[in-house]
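Coordinate analysis (summary)
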Amino acid sequence: MELLLRFAICCAGLAVPAAAQAEWYITAETGIGRHSSTDQVGWNADTVCYPTDACFAIDPVPSVPGYRWRYMIDAGAGAGFAIALGREFPGFRIELSAAHSRNDLEQVFVDIEYLNGSERTTRDGSIVADVNTSIGALTTRVASLDVYRDLAAPGARIIPYVGIGLGVAFAKIQDVHFSADYRDTSPVPPAYDPPLSFYGSNQDVDHSDVVAAGHFHAGADYVAGPKTRIGAKLTCSVFEGTADDGVYSRHPMHAQDPGFSNRNTFDRSRNCSMAVTLRRRLDR
């Protein structure tokens, strides 16, 4: 990220002597992109031993050190668009851009363990857990400063280019859901104190964070007129990982802490997109 920022500052400095030849323009683009798979890791300080765990058979039932869970997150292809205001100098350009994209997500459970790293063991018996998890879509809004280098001689009709960028991403993962309920499947269930309903939990939250993003661009423009260029652009981006806290709407720990929460993190991810671009010069 630091190298990208230094390069952008350097190119901005080169623009000063060529300011008389600089031209303003706007760009609009739309395309399709796909995020890489990433890992979701979450944890809480839940000290409750649950009815399906081996510790539940101990009398008295002991407390536990908390829980840590892992999921693999797969992302589908999604649509995106961007707009940019740019300044063109001989041989290179600087743009300030705003982009928006949305990708549906799929969550695959990996494992769960105690917070201290020890294995969570289950017990045989008639009690079963009805657990449901799901996840919605990732929406990403990015503000970036991008620097492009044109690779064609002046007067060419097709102009290939490469570029790099550095920005801030506002990431939101919608509809992160978890629920668990416990029931005894035996013909005549015994009485439990507290009842099995006490151990049920539910969470429906949106996960969001603000992270750094870096971009690499490659593409080509066709000069369609004195002020207009039409092109195609490939962008590959790297987004830093996110972290956010979420409260439970129902949880056995509410007896001790009504605002009981957990933390979920999503690791660093990559996104590559292909877009069609339209560029319009603003000079008269």
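Everything here concerns the structure above.
Scope of this entry: the structure provided in the associated data block. (Residues numbered from 1 in each chain as written. Predicted model: local features only at pLDDT ≥ 70, side-chain atom pairs only at ≥ 80, totals over all residues. Heavy atoms only, no water.)

1. Notes on the overall build of the protein chain
- Summing up its helical and strand segments, the protein chain has 1 helix and 13 strands in all.
- Walking the protein chain from its N terminus toward its C terminus, one meets helices and strands in the order α-β-β-β-β-β-β-β-β-β-β-β-β-β.
- Referenced to the eigenvectors of the C-alpha coordinate spread, the extents of the protein chain come out at roughly 85 × 30 × 30 Å.
- A burial count over the protein chain gives 42% of its 284 residues as buried.
- Sequence separation of 24 or more characterises 80% of the internal contacts of the protein chain that already satisfy a separation of 6 or more. (Helix = DSSP H or I, 4+ residues; strand = E, 2+ residues; numbered from the N terminus. Buried < 20%, exposed > 50% of the residue type's maximum accessible area, 1.4 Å probe, protein only. Contact = heavy atoms within 4.5 Å.)

2. A look at the packing of aromatic side chains
- According to the stated counting rule, one finds 10 aromatic pairs in the structure shown.
- Between Phe 56 and Tyr 199, the aromatic rings sit 5.8 Å apart at their centres with planes inclined by 80°, giving edge-to-face as the arrangement. Taken together, the residues Phe 56 in the loop between β2 (38-44) and β3 (67-75) and Tyr 199 in the loop between β8 (158-184) and β9 (201-223) connect sequence positions 143 residues apart. Of the two residues examined, Phe 56 and Tyr 199, each falls in the buried class.
- Taken together, a centroid distance of 5.6 Å and an interplanar angle of 70° make the contact between Tyr 71 and Phe 109 edge-to-face. Taken together, the positions of Tyr 71 in strand β3 and Phe 109 in strand β5 (residues 92-114) put the pair 38 residues apart, joining distant regions of the chain.
- Assessed through its relative accessible area of 48%, Phe 109 is described here as partly exposed.
- One aromatic cluster in this structure is built from Tyr 50, Phe 56, Tyr 67, Tyr 114, Tyr 182, Phe 198 and Tyr 199.
- Geometry around Tyr 25 places Arg 279 over its ring, the cationic atom sitting 4.4 Å from the centre. (Phe/Tyr/Trp six-rings, centres within 6.5 Å; stacked < 30°, edge-to-face > 60°. Lys NZ or Arg CZ within 6 Å of the ring centre and 35° of its normal.)

3. Topic: the state of the cysteines
- Taken as a whole and judged by the stated rule, the model has 2 disulfides.
- Between the sulfur atoms of Cys 236 and its disulfide partner Cys 272 the distance amounts to 2.3 Å. Disulfide Cys 236-Cys 272: the torsion about the S-S bond is 110°, which places it as right-handed. Placement of the pair is Cys 236 in strand β10 (residues 228-239) and Cys 272 in strand β13 (residues 269-281), with a sequence separation of 36 residues.
- The exposure class assigned to Cys 236 is partly exposed, which follows from its relative accessible area of 28%.
- Overall, the relative accessible area of 38% leaves Cys 272 in the partly exposed class. (Disulfide = S-S within 2.5 Å.)

4. Notes on the pairing of β3
- Every second residue of β3 is oriented toward a common face, the buried set being Tyr 67, Trp 69, Tyr 71, Ile 73 and Ala 75 and the non-buried set Arg 68, Arg 70, Met 72 and Asp 74.
- Judged from the 7 bridges that link them, β2 and β3 form a sheet pairing that is antiparallel. Bridge pairing in β3 links Trp 43 to Arg 68.
- For β3 and β5, the ladder comprises 9 bridges, and the chain directions are antiparallel. The residue bridging Arg 68 from the neighbouring strand is Glu 113, located in β5. (Pairing = 2+ DSSP bridges.)

5. A few points about the side chain of Asp 146
- In this structure, Asp 146 sits in strand β7 (residues 137-150).
- Although Asp 146 is buried, it forms no salt bridge, and the closest oppositely charged side chain is Lys 233 at an N-O distance of 6.5 Å.
- One polar contact links Asp 146 to His 217, side chain to side chain, over a distance of 2.9 Å.
- Among all residues touching Asp 146, those that are not within four sequence positions of it are Arg 93, Ile 94, Glu 95, Ser 97, Ile 164, Gly 165, His 215 and His 217. (Lys, Arg positive; Asp, Glu negative; His and termini not counted. Salt bridge = Lys/Arg side-chain N within 4 Å of Asp/Glu carboxyl O. Polar contact = N/O pair within 3.5 Å; in protein donor to acceptor, adjacent residues only side chain to side chain.)

6. Let's talk about the pattern of salt bridges
- Summed over the entire model, instances satisfying the criterion amount to 17 salt bridges.
- Among the salt bridges present, the one from Arg 250 reaches Asp 181, with a minimum N-O distance of 3.0 Å. Of this pair, Arg 250 sits in the loop between β11 (242-247) and β12 (261-266) while Asp 181 sits in strand β8, placing them 69 residues apart in sequence.
- Two residues, Arg 279 and Asp 221, come together in a salt bridge whose shortest N-O distance is 3.0 Å. Taken together, the positions of Arg 279 in strand β13 and Asp 221 in strand β9 put the pair 58 residues apart, joining distant regions of the chain. Just as Arg 279 is buried, Asp 221 falls in that class too.

7. Points about the nonpolar core
- Of all hydrophobic cores here, the largest spans 28 residues; its most connected members are Leu 105, Ile 135, Ile 173 and Tyr 182.
- Of all the secondary-structure elements, those providing two or more residues to this core are β3, β5 and β8. (Core = buried A, V, L, I, M, F, W, Y, C linked by side-chain atoms within 4.5 Å.)

8. Considering the pairing of β8
- Relative to β8, strand β6 (residues 127-134) runs antiparallel, the two sharing 8 bridges. Each residue of the ladder has a partner; that of Val 131, found in β8, is Ala 180.
- As paired strands, β8 and β9 are joined by 21 bridges and run antiparallel to one another. In the sheet register, Val 168 faces β9, and the bridge partner there is Ala 212.

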